[in-house]
Amino acid sequence: MEKRWITVLLNTLVVAAGFGTMHMLEKFAGIVIDHYGITEAAMGYQQTAYVVGLFVAFLLGGTSLFKGSFKRSVALIISFAAIPQLLIPFMPSWGGVVALRFFQGFIVALIAVFSNQIGRLFVAERPFAKGIILSGIFWGGIYGINLAKWASHNYSDWGAVKVAFLVSAVVMYAVLALWWLFIEDFEIPKGKHSSGSNVWKMSFTWVFGFTFFPALWIIFTLGSFTLHNVKFSDAQVANLVMTLEVSMALWSIIMGYLGYRLSVKNTSNRGLFKAIVSVMTLSYAVTFAGIFIVWKAISANDYRLALLGIAITGIVQGTGPAFWTTAPATYPKKIYPEASFALGLISNSANAVAPNVMFVLVHGVTTGMLIYLSMAILGVLLLLASARMKLPVEELGDAA
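Just so we're clear, the structure is a prediction, and the values are computed from it rather than from any experiment.

Draft legend 1. Examining the overall build of the protein more closely. Scanning the protein for helices and strands turns up 19 helices and two strands. Over its C-alpha atoms the protein spans a radius of gyration of 20 Å, differing by no more than 12% from the 21 Å that the globule rule assigns to 400 residues. Reported as C-alpha extents along the three principal axes, the dimensions of the protein are approximately 60 × 45 × 40 Å. For the protein, with 400 residues in total, the buried portion stands at 58%.

Draft legend 2. Here's a closer look at the domain arrangement of the protein. When the domains of the protein are assigned, the result is domain 1 (1–185) and domain 2 (199–399). Domain 1 and domain 2 are separated by 21 Å when their C-alpha centres are compared. The interface of domain 1 with domain 2 comprises 37 residues on the first partner and 37 residues on the second. In total, about 3300 Å² of surface goes out of reach between domain 1 and domain 2, with carbon and sulfur atoms giving 78% of it.

Draft legend 3. Focus on the environment of Val362. Here Val362 shows up in the loop between helix 17 (349–361) and helix 18 (365–387). With relative accessibility at 6%, the residue Val362 sits in the buried group. Val362 sits 115 residues away from Ser247 along the chain, and the two C-alpha atoms are 24 Å apart. The residues contacting Val362, other than those within four sequence positions of it, are Asn229, Gly368 and Ile371.

Draft legend 4. How the structure looks around the environment of Thr211. When you line up the elements, Thr211 lands in the loop between helix 9 (203–209) and helix 10 (213–221). Remark: the alpha-carbon pair of Thr211 and Tyr336, spanning 125 residues in sequence, is separated by 18 Å.

Analysis parameters
Residues numbered from 1 in each chain as written. Predicted model: local features only at pLDDT ≥ 70, side-chain atom pairs only at ≥ 80, totals over all residues. Heavy atoms only, no water. Helix = DSSP H or I, 4+ residues; strand = E, 2+ residues; numbered from the N terminus. Rg over C-alpha atoms; globule rule 2.2 N^0.38 Å. Buried < 20%, exposed > 50% of the residue type's maximum accessible area, 1.4 Å probe, protein only. Domains from an automatic or database assignment. Contact = heavy atoms within 4.5 Å. Buried area = accessible area lost by both parts, 1.4 Å probe.

Have a look at this one:
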């Protein structure tokens, strides 16, 4: 296997190990509530803190924190997840746990940093490589859930939490060490650019940045909100959530491969961008159909149809591989690392907004499904608008 594809697989392992932190604490909800004497509502604060951390990570991407040495940046990002993972089982207060969960959300910065690396290693293959790496988010979620289940079956009460969190922290650093041995370092530019090449002053950044906003809205709230307002059994809901995770992981790879096949036909900046828009538009269109099926299945209390709908709806993650290859395809080389974080910040504002909006608005399945259908339509409209715009690299040239 080519060294660059080994790099992709190792990146995927790092992402999976880091995102194992995403849902793990929720799987110990009963134990955590008893241990800290908190309410179920207070238990939800930790997940809110985590998704807000995802948003803030991209805000910090504009600083020097994740610039300079690529390998150092990855190690730092992993530490933001691993060190809190080591500390959480020993925190005396719930407020301390919530604060640590906020910092764990910084793990998402891996996605932008790895985008810089993939932009250097590939051209037409970028969406496929990125799709494989992004699938690690969902393999990581599955790994974290199953580690929590294993610990709960083998250890009692708070001991299960300690074992699961300590094991997962060790796994993160073990995977990082393996990754470090095989990966070549490079410099992520720290330099400032003229106002003419300021990514924040480009209309394309704002319009295209929001094309991924609807997808993230669906990805980060569908399982947590709508699926917990259904009449299925707890076991069936758990299966639906797991199906969604597996579906999004597989669709990430499948649609990444489709993006590659479309990109290879025309590797010019405009050709790569057309492939990106095509893949994202198709993903949103099929997502609309999947959500509609889920809605009908839940209304009819048809569990098997709901499984089918969820499996189809997972294609919403098919927008990810295309979106995260946009910066190296559409911005000048000197500023596309900065553009990756800018696009990530704009799109991940969904993480800060969606959970709170859904908490206020969604008290039943119908409202949630209407919001999700609207999001899929919004995604398509924004993509059509961005397709008519001039690319930054077309305006500035590749040497900006």
